[in-house]
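In case you want the letters, here they are:
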Amino acid sequence: MCGIVGVTGTDKTLSILIDGLKKLEYRGYDSAGVYVNDNAGNDYLVKRPGRISNLEAALTDDVHGLSGIGHTRWATHGEPNEANAHPQCSQDNRFYLVHNGVIENYAQLKKEYLSGVHFTSQTDTEVIVQLVDKFVVDNHMDTEAAMLKVLRLISPDSSYAFVMIDREDPETLYVAKNKSPLLVGLGDGYNMVGS
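Just so you know, these numbers come straight off a predicted model, no measurement behind them. Residue indices begin from 1 for each chain and proceed along its sequence in written order. Owing to the predicted nature of the model, reporting of local features is limited to residues with pLDDT of at least 70; listing and counting of side-chain atom pairs is limited to 80 or more, with chain, interface and lining totals taken over all residues. Excluded from the side-chain calculation are hydrogens and water; included are all heavy atoms of the structure.

What follows covers the nonpolar core. Residue types Ala, Val, Leu, Ile, Met, Phe, Trp, Tyr and Cys, when buried and joined through side-chain atoms within 4.5 Å, form a set referred to as a nonpolar core. When accessible area is computed with a 1.4 Å probe and restricted to protein chains, residues below 20% of their type maximum are described as buried, those above 50% as exposed, and intermediate ones as partly exposed. In this structure, V132, M147, I154 and F162 are the most contacted members of the largest nonpolar core, which totals 24 residues. Only DSSP runs of H or I covering at least 4 residues are called helices, and only runs of E covering at least 2 are called strands; the numbering of each starts at the N terminus. Of all elements in the fold, only β6 (95–102), α4 (124–138), α5 (143–153), β7 (159–166) and β8 (173–178) reach the threshold of two or more residues within this core. Tallying contributions element by element places α4 first for this core, with seven residues. Any two residues having at least one pair of non-hydrogen atoms within 4.5 Å are treated as being in contact. Discounting chain neighbours no more than four positions away, the residues touching M147 are L97, V132, F162, M164 and Y174. The next biggest cluster of nonpolar side chains, apart from the first, holds 19 residues, and it includes V46, I52, A58 and L59.

Okay, here's the thing in structure tokens:
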């Protein structure tokens, strides 16, 4: 069972993400990762197979941010390795997405809409983030409209909780859910989500 955490609005983002993922450790997982953005043009994606301690060991002192997303993955599509760990990103590195659940029609969506896209993972999650990117770039949609279009294309039999960051607007967390739990927390000066 996957665990996801998202935070925006605090310089303690990375520590909140790691603490949140540790609180979800009981659920079982095979990889962990974080994406953080300092809202000034610097961002960091760090993913590792195995325990959260492997992820922590890979975090250098320069990894910091005011917004971010984190994930612990229980593999449903693709083997448990770094490429399949979340967050998954679009081919132009603009969008970063974490996902709890299963997209039932991901293969159909990939075939119908993403034939020219280079995929770096075997996950259903990457299909979703690549679709958002395609609709933003090719159809000149804004991020929210693209996400809503993707949600309408996903089979209603799917289960998901998504948290996504657009590198061009890192202060905003885009969230959506169907069947999977997702909680939104409003903090003192910052906000967070978790599933």
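Picking up where we left off.
Attention shifts here to α4. Across its 15 residues, α4 extends 21 Å between first and last C-alpha, which sits within 8% of the 21 Å expected from 1.5 Å per residue. The element α4 is largely enclosed, with a buried count of twelve among its 15 residues. Looking at α4, one finds that the buried residues are D124, T125, E126, V127, I128, V129, Q130, L131, V132, D133, F135 and V136. One or two residues past the end of α4 sits H140, with phi positive at roughly 55°. For a helix, the expected span equals 1.5 Å multiplied by the residue count minus one.

Right, let's get into the sheet that holds strand β4 (residues 67–73). Spatially, six strands are ordered β3-β2-β4-β1-β10-β9 in an open sheet, and the strand pairing comes out antiparallel. In this open sheet, the two strands that pair with only one neighbour each are β3 (43–49) and β9 (183–186). Ignoring strand direction, the axes of neighbouring strands in this sheet form an average angle of 10°. The rule for pairing is simple: two strands pair if DSSP sees at least two bridges between them. In the sheet, β9 pairs with strand β10 (residues 191–194) via four bridges, with the strands oriented antiparallel. Counted as the bridge partner of V184 is V193 from β10. With respect to the sheet, helix α1 (residues 13–23) is in contact with β1 (3–8), β2 (31–37), β4 and β10, its orientation differing from that of β2 by roughly 160°. Lines are fitted to the C-alpha atoms to define the axes, a helix being fitted only along its stretch in contact, and any angle between axes, read from their N-to-C directions, falls within 0 to 180 degrees.

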